[in-house]
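The residues making up each chain are set out below.
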Amino acid sequence: MEFCPKCGSMMMPEDGYFKCKECDVVVEIKEDYTSTENKVESEIPVIEEKNPNVLPTAEVKCPECGHNKAGWWMRQLRSADESETRFYRCLECGHTWREYD
Amino acid sequence: MKIKQKIKKYEGKIPPKVLKDIQTKTKEENLTEKELDKLLEKTKEEFDRKQVEYGDPVGTVAAQSIGEPGTQMSISYNEKVILRKDDEIKIQEIGKFTDKKLKEDSRKKGNWEVTDISNEEIEVPSLTEKEKIEWKPVEECSRHPAPNKLIEVKTKSGRNIKATKSHSFLIRKNNDIKPVSGSELKEGDRIPSMRKLKQNCITKIKTNNYAKPKRTKSKLPEKIKLDKEFGWLIGTYLAVGKCKNHVISFPSQQQDVEKKIKTISNRFNFTLKNTLQDNSQEKDLKINSKQLSDLLTNTCNTEPSNKKIPEFAYSARDKFVSALLKGIFDTKGAIDNEKHEINFESRSIKLINGISLLLNRLNIFSMKKTQNQQNKLTIPQKYANRFKEKIGFNKEYKTKEIYELKEPSTPDQIDKIDKVPGTAKLIKEISEQIDIDIPKEIDNIPETGNIERTTLQNLLEDINQEKIKGKTEEKIKELEKAVESEVIWDEIIEIEEKDPSHDYVYDFSVKDTENFTTYQGIVTHNTMRTFHYAGVAEIDVTLGLPRLIEIVDARKTPSSPMMTVKLEEGYAEDRDKAREVGWEIEETLIEDISNIETDYSKMRVKLELDMEMVKQRNLTKEDVADQIESELGNEVKFEDDSLIIRPESSSYRKLLRLVENLKEVRVSGIEGIKRVIIRKESGEYTIYTEGSAFTEALKVDGVDASRTRTNDLHEIYDALGIEAARQAIIDEAKDTLEEQGLEVDVRHVMLVSDIMTNHGKIKQIGRHGVSGEKESVLARASFEVTVNHLLDAGKRGEKDELKGVPENVIVGQPVDLGTGVVDLTMSPNIKKED
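Residues numbered from 1 in each chain as written. Chains lettered and ligands numbered in written order. Predicted model: local features only at pLDDT ≥ 70, side-chain atom pairs only at ≥ 80, totals over all residues. Heavy atoms only, no water.

Turning to chain B, the UniProt annotation filed under Catalytic activity (unreviewed entry) states: "RNA(n) + a ribonucleoside 5'-triphosphate = RNA(n+1) + diphosphate". (UniProt positions renumbered as here; feature names shortened; annotations may be inferred.)

Under an unreviewed UniProt entry, chain A has the name Transcription factor S and belongs to Methanohalarchaeum thermophilum. Its UniProt record gives chain A the following Sequence similarities (unreviewed entry) comment, quoted word for word: "Belongs to the archaeal rpoM/eukaryotic RPA12/RPB9/RPC11 RNA polymerase family."

The structure is reproduced here in structure tokens:
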């Protein structure tokens, strides 16, 4: 975009020239007045593997499938004088269960 | 003082704590200014390198993706690769090369050791989507401990490669190139092998790099031009020459050989001798030059079983390559008119492999075979013309022979290796559209079959004479791509499990194409790509209590709507088809498929469409233009593959608004489906979507409507009715609870769901639903907005029967339920019966 060198008002492009709207001053367009926005690359990811286990594991038996390894995490869900709740998630079938004691 | 200034310069480039450390270190160690400069620079470099870019695997996700066996895709230590740096080609074992680079600098990613070598500008030949072989830069090389077993793949043309099972190979399917993992490969599959190698050429070599001058006499010039004569000399040496101390000897069987060697020795001022060979009548021609002898020994070896093509030959000009090959084939090549081929035999497998690669330079593909320590290289007849043209013979009788080399007459003698997968179907599709003469022998090939390339070429020449447009034209373009492909689709004849020979296996990461070619010519793919979407490969769903509240509140739209789209048979097992369905579902906007150029001086917007992406979505540029016209009403003009759109009147504001509107124009997919990922679960590809549009998704071809689901309950109600919605509420609530490790008897959940749906519509539990519609005033008032309920009830003069739980609790009397339902009276005066 250019402004008129004479009166300072906005100039509009016309046939390769910038023309002042107010006072008809004409300036040749020399520079490149383009701006480009590149496309946002997107690809559909295909995941072949099972979601990898990120949890620490322990040897416990899954009550659903009987597999003997499960990922675990703990959270203090009840009052402070009681033990933390232990969560287990079976590595095989994904079943989640809790232990309170 | 200067130290402080210097350090100050790096503020913002290096973390302040590190800068402080550097400052103390400088004082402690009394570093000089130069040393400080170096330290600062190195620190910054290191810091920059450790910074993570978008898409890089980081933290746990990185650890997972790298630790997973699925990503351990690498090739064996001894596998040689073709490397190019500054126009010079080097052949090196990938293991040796990588080990050296890792020693210089490496970082650990799980059990991978990786080093970034992108700034070294080393390139490898790589296969592009257009089936051309191009040089592409290597970005990283890496190694990790070898697994228990590797697989060795052998092909019909005598090439082989050792890789881990999950290393992926490229195959040709539906006229496109696709990676598959090694464990999925089977005998009879075809993998690409390089046919043509392009090279920017070196013209001279520095003699000193290969052999130091020992004597002033018979010294070589400092630089030797890689010209015809020198090429021929090396070729002849490789075929029949010998080196001993300062003498290079050739059996001079023919006058022309003698003459040529004489001209060369004259050029370098060597002394030549003609001597009788021991115990025979044959003459030996001997060149006397220690330096040349050293040069040949160092670059080509001397033992006949160990000879090899000198490395500089791979990057030399075509002229030199041709002459070298001419030297080889002239002295030891043979023409077999019965088998329709040109042969060369040698005891050195290295030499055979090298010749094969050199022939690639001239666009000739050869086959290799090893038997009884004798290695044989074979060039099929179809390359005879190119052989004549590019290489040829000096010997007259051989020239005559090659001119007489006939095309194979019976079809079974035609080259069986160079067939292009998927072409039989293509030809059939073309023949349905236009009239072409299909030779008998390929008419019988089933649709899944492959057709030999020369036949394809002949067909293509027939077709080109007519003028065709539209869909058929695209098919013909695909045929052209198949014919002009710079790889041979080599058939696998054997896949064997092998023990790894080294502790590590190796891999390259190649820019853009992610594949590279081994010395033997086999193109392998190094990454499945799909696993590098660290953190992107998961769709975020609301879980736990917030989700449960959402369900019982029967929200109009869930906070994270998503669909689980199951596919029908025929789609579910096919990765590519699954992906096609994915494209059809995922919303594609203009900003996804084109660069948007705003030109202020011409008052227009130019959309540079990525035609590949447009095609991928089964669209044409006309479709895109139509979509824009119907949605925005602006006229669209074409300029090659770009679209030109102008605002309705000349105004900057309108131009800018146009750009913003254009970006959001949807060209394909379903509205509201922002992202799609595909996951393989129990052998079946399932599509997960971010955003939900259930009714629309069910209409897409390939979607299994009976198993597809969404977490938007209202969409299920709209599409499938209230019973389905009831079941969906049960399933969603139960899944949410189970995910939290909570076991709630399903009957509780069913009760809630029943109450929510028993009016024929989904009703929330809450003020505007179940709780708000209770009969009892007190019960309603006890739930939410107490005053309003009491006031309204008062205005209407409502009665409360005190039958439910809350109202009875409020008034403080037993509830008419369970034990509370019995009125117990005791009369103390009843007589005891005996």
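(A) Inspection of the overall build of chain A at higher detail. Helices and strands together make up the secondary structure of chain A, namely zero helices and nine strands. Secondary structure of chain A in N-to-C order comes out as β-β-β-β-β-β-β-β-β. Counting all 101 residues of chain A, 29% fall into the buried class. Counting only carbon and sulfur atoms, one obtains 46% of the accessible surface of chain A, whose full area is about 6,600 Å². (Helix = DSSP H or I, 4+ residues; strand = E, 2+ residues; numbered from the N terminus. Buried < 20%, exposed > 50% of the residue type's maximum accessible area, 1.4 Å probe, protein only. Areas by Shrake-Rupley, 256 points an atom, 1.4 Å probe, with all protein chains shown as cover.)

(B) Local environment of the UniProt feature "binding site: Zn(2+) 2" (unreviewed entry) in chain A. Residue and element names in this part refer to chain A. Here the UniProt-annotated "binding site: Zn(2+) 2" (unreviewed entry) positions come out as Cys62, Cys65, Cys90 and Cys93. Spanning 32 residues, the named residues nonetheless gather at one spot, since no C-alpha pair among them exceeds 8.6 Å. Along the chain, cysteine 65 turns up in the loop between strand 6 (57-58) and strand 7 (70-75). Residues in contact with cysteine 65, not counting those within four places in the same chain, are Cys90, Glu92 and Cys93. (Contact = heavy atoms within 4.5 Å.)

(C) Summary view of the nonpolar core. Residues and elements named next belong to chain B. Ranked by size, the top nonpolar core spans 92 residues in total, and within it Phe230, Ile309, Phe329 and Ile355 carry the most contacts. With sequence-adjacent residues up to four places away left out, phenylalanine 230 is seen in contact with Ile205, Ile224, Lys225, Leu295, Phe312 and Phe320. The next biggest cluster of nonpolar side chains, apart from the first, holds 34 residues, and it includes Val565, Leu567, Ala693 and Leu737. (Core = buried A, V, L, I, M, F, W, Y, C linked by side-chain atoms within 4.5 Å.)

(D) Molecular detail of the UniProt feature "binding site: Zn(2+) 1" (unreviewed entry) in chain A. Residues and elements named next belong to chain A. The feature "binding site: Zn(2+) 1" (unreviewed entry), as given by UniProt, occupies Cys4, Cys7, Cys20 and Cys23 in the numbering adopted here. Spanning 20 residues, the annotated positions come together in the fold, the maximum distance between their C-alpha atoms being 8.5 Å. The contact partners of cysteine 7, leaving out residues within four places of it in the chain, are Cys20, Glu22 and Cys23. Inspection of the secondary structure assignment puts cysteine 23 in the loop between strand 2 (17-20) and strand 3 (26-28).

(E) Quick look at the pattern of salt bridges. Here the structure, examined in full by the defined rule, presents 39 salt bridges over all chains. Across the pair A:Arg78 and A:Glu82 runs a salt bridge, and its minimum N-O distance is 3.1 Å. Judged by its relative accessible area of 36%, A:Glu82 falls in the partly exposed class. A salt bridge links A:Asp101 to A:Arg86, with the shortest nitrogen-to-oxygen separation between them at 3.3 Å. Here A:Asp101 is found in the segment after strand 9 (96-99), whereas its partner A:Arg86 is found in strand 8 (residues 85-90), with 15 residues between them in sequence. Assessed through its relative accessible area of 68%, A:Asp101 is described here as exposed. Salt bridges linked by common partners bring A:Glu37, B:Glu660 and B:Lys663 together as one network. (Salt bridge = Lys/Arg side-chain N within 4 Å of Asp/Glu carboxyl O.)

(F) Local environment of the side chain of B:Arg617. In this fold, B:Arg617 is placed in the loop between helix 21 (611-616) and helix 22 (621-632). Although buried, B:Arg617 forms no salt bridge, and the nearest oppositely charged side chain, B:Glu586, lies 4.7 Å from it. Look past the residues within four positions of B:Arg617 in its chain and what remains in contact with it is A:Ser42, B:Trp583, B:Thr588, B:Ile593 and B:Ser668. (Lys, Arg positive; Asp, Glu negative; His and termini not counted.)

(G) Local environment of the pairing of strand 16 (residues 247-251) of chain B. Residues and elements named next belong to chain B. Taken across its five residues, strand 16 has four buried, putting it largely inside the fold. Of the strand pairs in this sheet, strand 15 (residues 242-244) and strand 16 are connected by three bridges, and their pairing is antiparallel. For cysteine 243, the partnering residue across the bridge sits in strand 16 and is isoleucine 248. (Pairing = 2+ DSSP bridges.)

(H) Representation of the interface of chain B and chain A within the structure. Listed by partner, the interface residues are 44 residues for chain B and 33 residues for chain A. A combined buried area of about 3,800 Å² lies between chain B and chain A, and 53% of that area is made up of carbon and sulfur atoms. In terms of surface lost to chain A, no three residues of chain B exceed B:Asn595, B:Ser601 and B:Tyr652, which account for 16% of the buried area on that side. The tally of links between chain B and chain A comes to three salt bridges. Here A:Arg89 makes a salt bridge to B:Glu739, at a shortest N to O gap of 3.3 Å. At the junction of chain B with chain A, the criterion picks out eleven residue pairs in polar contact (both at pLDDT 80 or more). (Buried area = accessible area lost by both parts, 1.4 Å probe. Polar contact = N/O pair within 3.5 Å; in protein donor to acceptor, adjacent residues only side chain to side chain.)

(I) Local environment of the state of the cysteines. Within this structure, the stated rule accounts for zero disulfides over all chains. We note that A:Cys7 lacks a disulfide partner, and the nearest cysteine sulfur, in A:Cys23, lies 3.5 Å from it. (Disulfide = S-S within 2.5 Å.)

(J) A look at a positive patch on the surface. Residue and element names in this part refer to chain B. Together, Lys204, Lys206, Lys223, Lys225, Lys228 and Lys319 give the surface a local cluster of positive charge. Only strand 13 (204-206) and strand 14 (223-225) provide two or more residues apiece to the positive patch. Along the polypeptide, lysine 206 turns up in strand 13. (Patch = residues over 30% accessible without salt bridge, like charges linked within 9 Å, V, L, I, M, F, W, Y side chains within 5 Å. Charge placed at Lys NZ, Arg CZ, Asp CG, Glu CD.)

(K) Focus on the side chain of B:Thr736. Inspection of the secondary structure assignment puts B:Thr736 in helix 26 (residues 722-739). Among all residues touching B:Thr736, those that are not within four sequence positions of it are B:Gly544, B:Arg547, B:Leu548 and B:Ile551.

(L) How the structure looks around helix 18 (residues 544-552) of chain B. All names here are of chain B. Every buried residue of helix 18 is accounted for by Gly544, Arg547, Glu550 and Ile551. Each buried residue of helix 18 sits inside an arc of 115 degrees when the element is viewed along its axis, so together they form one side. The inward-facing, buried residues of helix 18 abut helix 25 (713-720), helix 26 and helix 27 (746-757). Alanine 554 sits one or two positions beyond helix 18 and adopts a positive phi of about 50 degrees. (Arc of directions from axis to C-beta.)

(M) The arrangement of the sheet that holds strand 8 of chain A in detail. Spatial strand order, 6-7-8-9 (chain A): four strands in an open sheet with antiparallel pairing. Since the sheet does not close on itself, it has two edges, and those belong to strand 6 and strand 9 of chain A, each with one partner.

(N) Just the sheet that holds strand 37 (residues 684-690) of chain B, in detail. Ordered by their spatial adjacency, five strands build an open sheet running 5(A)-36(B)-37(B)-29(B)-38(B), and the pairing between neighbours is mixed. Every other strand in the sheet has two partners, leaving strand 5 (46-47) of chain A together with strand 38 (709-710) of chain B as the edge strands with one partner each. For strand 29 (residues 562-565) of chain B and strand 38 of chain B, the ladder comprises two bridges, and the chain directions are antiparallel. The partner of B:Thr564 across the bridge, within strand 38 of chain B, is B:Arg709. Where helix 19 (residues 575-585) of chain B meets the sheet, it contacts strand 5 of chain A together with strand 29, strand 36 (675-681) and strand 37 of chain B, and its direction lies at approximately 20 degrees from that of strand 37 of chain B. (Axes fitted to C-alpha atoms, helices over the stretch in contact; angles between N-to-C directions.)

(O) Structural context of the packing of helix 25 of chain B against helix 26 of chain B. Residues and elements named next belong to chain B. Following both chains from N to C, one finds helix 25 and helix 26 inclined at 155 degrees, their axes separated by 7 Å at the closest point. The angle between helix 25 and helix 26 places the two elements in the roughly antiparallel class. Note that helix 25 runs across helix 26; the crossing there is right-handed. Contact with helix 25, carried on its side by Leu713, Ile716, Tyr717 and Leu720, involves Ile722, Ala724, Ala725, Ala728, Ile729 and Glu732 of helix 26 and no other residues of that element. Taken together, the residues that form the contact of helix 25 with helix 26 break down as nine nonpolar, no polar and one charged. (Parallel < 35°, antiparallel > 145°, perpendicular 65-115°, else oblique. Left-handed = near helix turned anticlockwise from the far one by under 90°. Nonpolar A, V, L, I, M, F, W, Y, C, P; charged D, E, K, R; others polar.)

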